[in-house]
Amino acid sequence: MDLHGKVAVVTGSGRGLGLGYARALAAAGAAVIVNDVDQDTVDAALAAIRSEGGTAAGVVAAVGDSAAAQELVDAAVREFGRLDVLVTNAGILRDRVLWKMTDDDFDDVVRVHLRGTFTCARAAAVRMREQGTGGSLVLISSPAGQRGNFGQTNYAAAKAGIVAMARTWAMELGRSGITVNAVVPVAATEMTRTIPAFAPVIEESERTGSPLPDWLRKGEGLGTVEDVTGLVTFLASDAAKDVTGQAIGVGGDRLALWAHPKEKATAFADGGWSAEAIAAQWPGGVGAEPETYGIPAPQAPEA
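Analysis parameters
Residues numbered from 1 in each chain as written. Predicted model: local features only at pLDDT ≥ 70, side-chain atom pairs only at ≥ 80, totals over all residues. Heavy atoms only, no water. Helix = DSSP H or I, 4+ residues; strand = E, 2+ residues; numbered from the N terminus. Buried < 20%, exposed > 50% of the residue type's maximum accessible area, 1.4 Å probe, protein only. Contact = heavy atoms within 4.5 Å. Lys, Arg positive; Asp, Glu negative; His and termini not counted. Charge placed at Lys NZ, Arg CZ, Asp CG, Glu CD. Expected span 1.5 Å × (residues − 1). Arc of directions from axis to C-beta. Polar contact = N/O pair within 3.5 Å; in protein donor to acceptor, adjacent residues only side chain to side chain. Axes fitted to C-alpha atoms, helices over the stretch in contact; angles between N-to-C directions. Parallel < 35°, antiparallel > 145°, perpendicular 65-115°, else oblique. Left-handed = near helix turned anticlockwise from the far one by under 90°. Nonpolar A, V, L, I, M, F, W, Y, C, P; charged D, E, K, R; others polar. Pairing = 2+ DSSP bridges. Salt bridge = Lys/Arg side-chain N within 4 Å of Asp/Glu carboxyl O. Patch = residues over 30% accessible without salt bridge, like charges linked within 9 Å, V, L, I, M, F, W, Y side chains within 5 Å. Areas by Shrake-Rupley, 256 points an atom, 1.4 Å probe, with all protein chains shown as cover.

Okay, the overall build of the protein next. When helices and strands are tallied, the protein shows 10 helices and eight strands. With the principal axes as the frame, the protein shows a C-alpha extent of 65 × 50 × 40 Å. Expressed as a percentage of the 303 residues in the protein, the buried residues total 46%. Contacts in the protein between residues far apart in sequence, at least 24 positions, make up 68% of those at least 6 positions apart. Taking the average place of the 26 positive charges on the side chains of the protein and the average place of its 36 negative ones, the gap between the two points comes to 4 Å.

Structure, rendered in structure tokens:
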């Protein structure tokens, strides 16, 4: 995939998945703005990208408010003359069950993930529309936003909101030639290493250098950071100019298109539905096959 001539901003790209996205975009030829909250982290990321022959500059800023978003866009224009791609990856975790989650736990996660995606996308959209040559917004979501996840009220809500924004902005920005998609990645990161079924397998793979087994790469759709970066590079490219408004999963050997929410079952009653009528109809009617919720627990094969 050739991204020469394109300029990308990747938020939260000092380490982990964000660094993986930045390195992949740079390897494909894009000039990249690396962003993180710590100067040493940004410097290390820039050194890694440049050692691989990539072009990059850094911005130290905490994503969330409008000033930080504008700083990232301004840096792209100042350093490289334009902005073509925005990848909104920055995020934090403050996991708590509902009855223990504080206001700050909730607000901090929503501010970085949801508000940060909004402010950065707004600033990028303004610039891209001024340029008049289109662009690509790649918004990073999560399986938690699609299905919910225990202890992640704040994170799941923010990631679900990100997919909703992708669908909305795809409509609003389509006439400007700007595509907007949500990526739902699954990879061996610090967070997935804490899952008991995954941890020993990931540790063994890292120790020996052997690939992760098929039950993880295919069954769970979980692999390395590098396994998820190809989708971001594709969405940043001209090859994806007709792909917009989608939630696309990637991980390990799996690539998947997530379905948009839709009515699964319907019933009608003349004059409307009373509570008693719903109770009578529900078990064998609309509610006969309720939807599942939560990320399914991983199932390691029996030895």
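The next thing to look at is the side chain of Ser237. Its location among the elements puts Ser237 in the loop between helix H9 (225-236) and strand S7 (247-251). In contact with Ser237, not counting residues within four places along its chain, are Met1, Leu3 and Lys6.

A separate point is helix H2 (residues 39-51). Under the 1.5 Å per step criterion, the end-to-end length of H2 is 18 Å for 13 residues, consistent within 8% with the ideal 18 Å. Among the residues of H2, Thr41, Val42, Ala45, Leu46 and Ile49 are the ones counted as buried. Along the axis of H2, the buried positions cluster into a sector of 135°, meaning they face one direction only. Exposed and oriented more than 90 degrees from the buried face of H2 are Asp40 and Ser51. N-cap assignment for H2: the residue whose side-chain oxygen lies 3.2 Å from the backbone N of Asp40 is Asp38.

Moving on, we come to the packing of helix H1 (residues 16-27) against H9. Relative orientation of the contacting elements H1 and H9 amounts to 50°, with a least axis distance of 9 Å. One element, H1, and the other, H9, form an angle in the oblique class. Judged by the twist between their axes, the crossing of H1 over H9 is right-handed. Between H1 and H9, the residues in contact are Gly16, Leu17, Gly20, Tyr21, Ala24 and Leu25 and Val225, Val228, Thr229, Val232, Thr233 and Ala236, respectively. Residue composition of the contact of H1 with H9, by class: eight nonpolar, four polar and no charged.

We now examine the sheet that holds S7. Spatial strand order, S3-S2-S1-S4-S5-S6-S7-S8: eight strands in an open sheet with mixed pairing. The sheet is open, and its two borders are formed by strand S3 (55-60) and strand S8 (254-257), each paired with just one other strand. Adjacent strand axes in the sheet meet at a mean angle of 20°, parallel and antiparallel pairs treated alike. Inspection of the sheet shows strand S2 (residues 31-36) paired to S3 by six bridges, in the parallel sense.

With that out of the way, let us pick up the pattern of salt bridges. Applying the stated criterion across every chain, the model contains 12 salt bridges. Across the pair Arg23 and Glu52 runs a salt bridge, and its minimum N-O distance is 2.2 Å. Linking Arg23 in helix H1 with Glu52 in the loop between H2 and S3, this pair joins segments that are 29 residues apart in sequence. With relative accessibility at 32%, the residue Arg23 sits in the partly exposed group. Relative accessible area serves as the criterion here: at 43%, Glu52 is assigned to the partly exposed category. Of the charged contacts in the structure, one is a salt bridge between Arg78 and Glu79, with a shortest N-O distance of 4.0 Å. Three or more residues joined by partner-sharing salt bridges are found here, namely Asp214, Arg217, Lys218, Asp227 and Asp253.

This brings us to a nonpolar patch on the surface. A contiguous nonpolar surface patch, about 310 Å² in accessible area, is contributed by Trp273, Ile278 and Trp282. Following the sequence through the fold, Trp282 ends up in the segment after helix H10 (275-281). Note on Trp282: relative accessible area 46%, which makes it partly exposed.

Moving on, we come to H1. Its 12 residues give H1 an end-to-end C-alpha distance of 17 Å, which sits within 8% of 16 Å, the value for a rise of 1.5 Å per residue. The buried fraction of H1 amounts to nine of the 12 residues, a majority that puts the element mostly inside the structure. Among the residues trailing H1, Gly29 stands out with phi positive, at a value near 115°.

The next subject is the environment of Ala61. Mapped onto the fold, Ala61 is located in the loop between S3 and helix H3 (66-80). Sequence spacing of Ala61 and Lys241 is 180 residues, and the spatial spacing of their C-alpha atoms is 30 Å. Each residue touching Ala61, except ones within four places of it in the same chain, is listed here: Asn35, Asp36, Val37, Ala68 and Glu71.

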